Amino acid sequence: MKWKVFLFLLVQRFVELYWAKRNERWMKARGAKEFGRNHYKYIVCMHSLFFVSLLLEGRKKHKSTSCSFLFNMFIILQLFRFWTIASLGRYWNTKIIVLPNAERIQKGPYRWFRHPNYLVVVLEFLVIPLMFQAYWTAVIFTIWNAYLLSIRIRVEEQALRLLKSPHK
């Protein structure tokens, strides 16, 4: 079962990258600006290595975890991820791309959270490795992700303020 989850995640991430690229073209054609290019490559590296680490550490564990709690958490996180992405629609992206003078999305989970997608990723970096009994992966990537998110959220908030400012 865990390998079906692994394959599902790989396919999901590639579909999301395709969707993000499509949204990026759409937004940039309307004058959107990209921010945070310096740290984006490290985020891509971290997410790629997360799958490698999960695969390497998880393959050593032959016992399947029968913890339905973790699997249920995983399902809830995926539903929350889809809701978050759907709420942003064409504005959703893996990069920080901001369309000048666009209104901030205030629907879906964005009514209550400023960065719900990052909440999903934080929780996934805990739940998914635990499903695979990949404890080192959970610890290492949770810490690495926290560090990169501290940079990314600061850059994203600055970009949003800058593009809303009348003194560009």
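Whatever comes next refers back to the structure up there.
Residues numbered from 1 in each chain as written. Predicted model: local features only at pLDDT ≥ 70, side-chain atom pairs only at ≥ 80, totals over all residues. Heavy atoms only, no water.

Caption draft 1: Main features of the overall build of the protein. Looking only at helices and strands, one finds five helices and two strands in the protein. Reading the secondary structure of the protein in the N-to-C direction produces α-β-α-α-β-α-α. Whereas a compact globule of 168 residues would reach a radius of gyration of roughly 15 Å, the protein reaches 17 Å, a difference of no more than 12%. The proportion of buried residues among the 168 residues of the protein is 43%. Relative to all contacts within the protein whose residues are 6 or more apart in sequence, the contacts with residues 24 or more apart total 86%. If you sum the accessible surface of the protein, you get close to 10000 Å²; carbon and sulfur atoms cover 67% of it. (Helix = DSSP H or I, 4+ residues; strand = E, 2+ residues; numbered from the N terminus. Rg over C-alpha atoms; globule rule 2.2 N^0.38 Å. Buried < 20%, exposed > 50% of the residue type's maximum accessible area, 1.4 Å probe, protein only. Contact = heavy atoms within 4.5 Å. Areas by Shrake-Rupley, 256 points an atom, 1.4 Å probe, with all protein chains shown as cover.)

Caption draft 2: Region of the structure containing helix H2 (residues 37-59). End to end, H2 covers 34 Å across 23 residues, agreeing with the expected 33 Å (1.5 Å per residue, within 8%). When H2 is considered as a whole, its buried residues turn out to be His39, Tyr40, Ile43, Met46, Phe50, Phe51, Leu54, Glu57 and Gly58. (Expected span 1.5 Å × (residues − 1).)

Caption draft 3: Representation of a nonpolar patch on the surface. On the surface, Phe8, Ile75, Leu79 and Phe82 cluster together into a nonpolar patch covering about 370 Å² of accessible area. If you tally residues by element for the nonpolar patch, the top one is helix H3 (residues 68-88), at three residues. Within the element layout of this structure, Ile75 appears in helix H3. (Patch = residues over 30% accessible without salt bridge, like charges linked within 9 Å, V, L, I, M, F, W, Y side chains within 5 Å. Salt bridge = Lys/Arg side-chain N within 4 Å of Asp/Glu carboxyl O.)

Caption draft 4: Inspection of the pattern of salt bridges at higher detail. The final tally for this structure, using the stated rule, is 10 salt bridges. In this structure, Glu34 and Arg37 form a salt bridge, with 3.4 Å as the shortest nitrogen-oxygen distance. Given a relative accessible area of 56%, Arg37 falls into the exposed group.

Limitation: the analysis is restricted to geometry and does not speak to function.
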